[in-house]
Amino acid sequence: MAGYWDGPEGEDCPRRTWLTTRVGAAAGLVGTAYRIVLLQPGSALAALQMAAADSVTMATLGAVFGLSTCLSAQIREAPDDPWNYFIGGCATGAVLGARAHSYMTGTTACFGFGITAALMKIGNKEGWRLAGPPKL
């Protein structure tokens, strides 16, 4: 997500939302490719419908995350607070639950996405690394 971490949080919400939407759509396309290979739909039309539904869902989740994270940073006037990312992740999980027509899915996804997003923000602030040589 080149450019997402540039600049202060809570500013330039349309650009941040566009970046997260693009990442969501790309993830949806990759996931759809695996799903089509593994499940092998009966026709090309079914594969196209599956690809469109999955990609649009993931793009929507990305947009909800980007918008709710940015707006919560503006409203709360706390731009670098990990709670903004928890709020964005939770909103994303709620949308996923609504898409699945399941309260349990929404609640679980809310907490899972919220905690993961908050940890990503904390890790970015503190310079955590997932791979590569250790800093000495």
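The paragraphs below set out a description of the structure included in this document. Computed from a prediction, not measured in an experiment: that's the story for all the values here.

### Here's the deal with unusual backbone geometry
- Positioned with a positive phi, Gln40 is a non-glycine residue whose angle comes to about 45 degrees.
- When you line up the elements, Gln40 lands in the loop between α1 (13–39) and α2 (44–76).
- The exposure class assigned to Gln40 is exposed, which follows from its relative accessible area of 62%.
- The residue Glu77 is not glycine, and still its phi comes out positive at about 55 degrees.
- Examined against the element boundaries, Glu77 turns out to sit in the loop between α2 and α3 (82–100).

### Considerations on the environment of Leu29
- Within the secondary structure, Leu29 is located in helix α1.
- Between the alpha carbons of Leu29 and Ala47 there is a distance of 12 Å; along the sequence they are 18 residues apart.

### Remarks on the packing of aromatic side chains
- Scanning all chains against the criterion turns up two aromatic pairs.
- For the pair Phe65 and Tyr85, a centre-to-centre distance of 5.8 Å together with 65 degrees between the ring planes defines the contact as edge-to-face. Of this pair, Phe65 sits in helix α2 while Tyr85 sits in helix α3, placing them 20 residues apart in sequence.
- Owing to a relative accessible area of 17%, Phe65 belongs among the buried residues under this scheme.
- Residue Tyr85 is classed as buried on the basis of its relative accessible area of 3%.
- Pairing Trp83 with Phe86 gives two aromatic rings, centres 5.5 Å apart and planes at 75 degrees, and the pair type is edge-to-face. Taken as a pair, Trp83 and Phe86 lie in helix α3 at a separation of three residues, close to a single helical turn.
- Under the relative-accessibility criterion, Trp83 is labelled exposed at 53%.
- The class of Phe86 is buried, set by a relative accessible area of 18%.

What counts as what
Every chain's residues receive numbers from 1 upward, in the order its sequence appears when written. Given that this is a predicted model, residues contribute local features only at a pLDDT of at least 70 and side-chain atom pairs are listed and counted only at 80 or more, while totals for whole chains, interfaces and linings are drawn from all residues. Only heavy atoms go into the side-chain values, all of them from the structure, while hydrogens and water stay out. Only DSSP runs of H or I with at least four residues qualify as helices, and only runs of E with at least two residues qualify as strands; both kinds are numbered from the N terminus onward. Throughout this description, buried means an accessible area under 20% of the type-specific maximum (1.4 Å probe, protein chains only), exposed means over 50%, and partly exposed covers the range between. Two aromatic rings from Phe, Tyr or Trp, using only the six-membered ring of Trp, form a pair when their centres are within 6.5 Å; if the ring planes differ by under 30 degrees the pair is stacked, by over 60 it is edge-to-face, and anything between is tilted.

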